Amino acid sequence: MDDHWNLLNVGWYRRTGDGVVLEVNDAELSILDYSRDEMVGHHVSEFMAAELVPLLSEHIDGYNEGNQRLIMTMGLRKDGATVPLLDIFNRRELREDGSVEFVEGLHVTLERIWSARQLGAGPAELAERLHYIALELELLARSSGGATRHLLNHPGLADLSPREKDVLSELLAGARVGAIANDLHISPSTVRSHLRSLFSKLGVSSQSELVQHVRSLSGEI
């Protein structure tokens, strides 16, 4: 299990290519209010709103093919209540024959938006709740977990220092020099120094070439 998502309090699950749950973290159990035994070994259709089940095969195919990255869905709690979720593709693992061994996904609950509406929150309070949810999603996108962290362990990147991998992770997430400096609490000149070292070690001459080169390694994992 990836403890990274436990720290972020994000629901994490691993399932087979045909939708059977293999593993979940504590946050996923908390969101849907099931025990681990009640989820593991069961099909994902048991944990989503009934009206969405007819769309499930399309959703599973999108994840299995790696084409679908994020959808809005409704989870089904043990007590029959529904909970609005963002379902985010994390990574997939393929067998040698190209079939899907497992897929990992993330669930971020959007209950705070709905509860704000139900409680009659004013525009300012609703905007504040939306702001915090946006920050959580940014943290997910910019984290070094999941597929990016897996990629950074590629043998072709073994010569990189831990700090160079930090910079590279930020770059792969789309951050620019200034944002990388802020996130890593270093100066922009230090970021550029790390980038020059990365260029030299990996035989590229620009940030775009660096990103393209590193992403090309994903096909070798």
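Residues numbered from 1 in each chain as written. Predicted model: local features only at pLDDT ≥ 70, side-chain atom pairs only at ≥ 80, totals over all residues. Heavy atoms only, no water.

## Thoughts on the environment of Ala-81
Thought 1: When you line up the elements, Ala-81 lands in the loop between strand 3 (70–76) and strand 4 (82–94).
Thought 2: Classification of Ala-81 by relative accessible area gives partly exposed; the value is 30%.
Thought 3: As for Ala-81 and Leu-32, which are separated by 49 residues in sequence, their C-alpha atoms are 9.1 Å apart.
Thought 4: Apart from residues no more than four positions distant in its own chain, Ala-81 is found in contact with Gly-75 and Leu-76. (Helix = DSSP H or I, 4+ residues; strand = E, 2+ residues; numbered from the N terminus. Buried < 20%, exposed > 50% of the residue type's maximum accessible area, 1.4 Å probe, protein only. Contact = heavy atoms within 4.5 Å.)

## Re empty space enclosed by the protein
Thought 1: This structure, assessed with the given rule, holds one cavity of 30 Å³ or more.
Thought 2: If you trace the largest cavity, you find 19 residues lining it, with Tyr-13, Val-44, Phe-47, Asp-87 and His-107 closest to the centre.
Thought 3: Taken together, the residues of the lining of the largest cavity sort by class into twelve nonpolar, four polar and three charged. (1 Å grid on protein atoms, 1.4 Å probe; cavity = no way out; pocket = protein on both sides within 12 Å on 5 of 7 lines; lining within 4 Å. Points joined across faces, edges and corners; volume = space filled by probe spheres on them. Nonpolar A, V, L, I, M, F, W, Y, C, P; charged D, E, K, R; others polar.)

## What to know about the sheet that holds strand 5 (residues 100–109)
Thought 1: Taken together, the five strands give an open sheet; going across it, the order is 2-1-5-4-3, and neighbouring strands pair in antiparallel fashion. Each having just a single partner strand, strand 2 (21–24) and strand 3 make up the two edges of the open sheet. Ignoring strand direction, the axes of neighbouring strands in this sheet form an average angle of 35°.
Thought 2: Here strand 3 runs beside strand 4; their pairing, made up of seven bridges, is antiparallel. Within the sheet, the bridge partner assigned to Thr-73 lies in strand 4 and is Leu-85. (Pairing = 2+ DSSP bridges. Axes fitted to C-alpha atoms, helices over the stretch in contact; angles between N-to-C directions.)

## What to know about the pattern of salt bridges
When charged atoms on two side chains of opposite charge get close, those side chains can pair.
Thought 1: Scanning all chains against the criterion turns up eight salt bridges.
Thought 2: Note that Glu-93 and Arg-91 form a salt bridge whose closest N and O atoms lie 2.9 Å from each other.
Thought 3: A relative accessible area of 23% places Glu-93 in the partly exposed class.
Thought 4: Look at Arg-91 and you get buried, because its relative accessible area is 16%.
Thought 5: One salt-bridge network, held together by shared partners, links Arg-14, Glu-23, Arg-91, Glu-93 and Glu-104. (Salt bridge = Lys/Arg side-chain N within 4 Å of Asp/Glu carboxyl O.)

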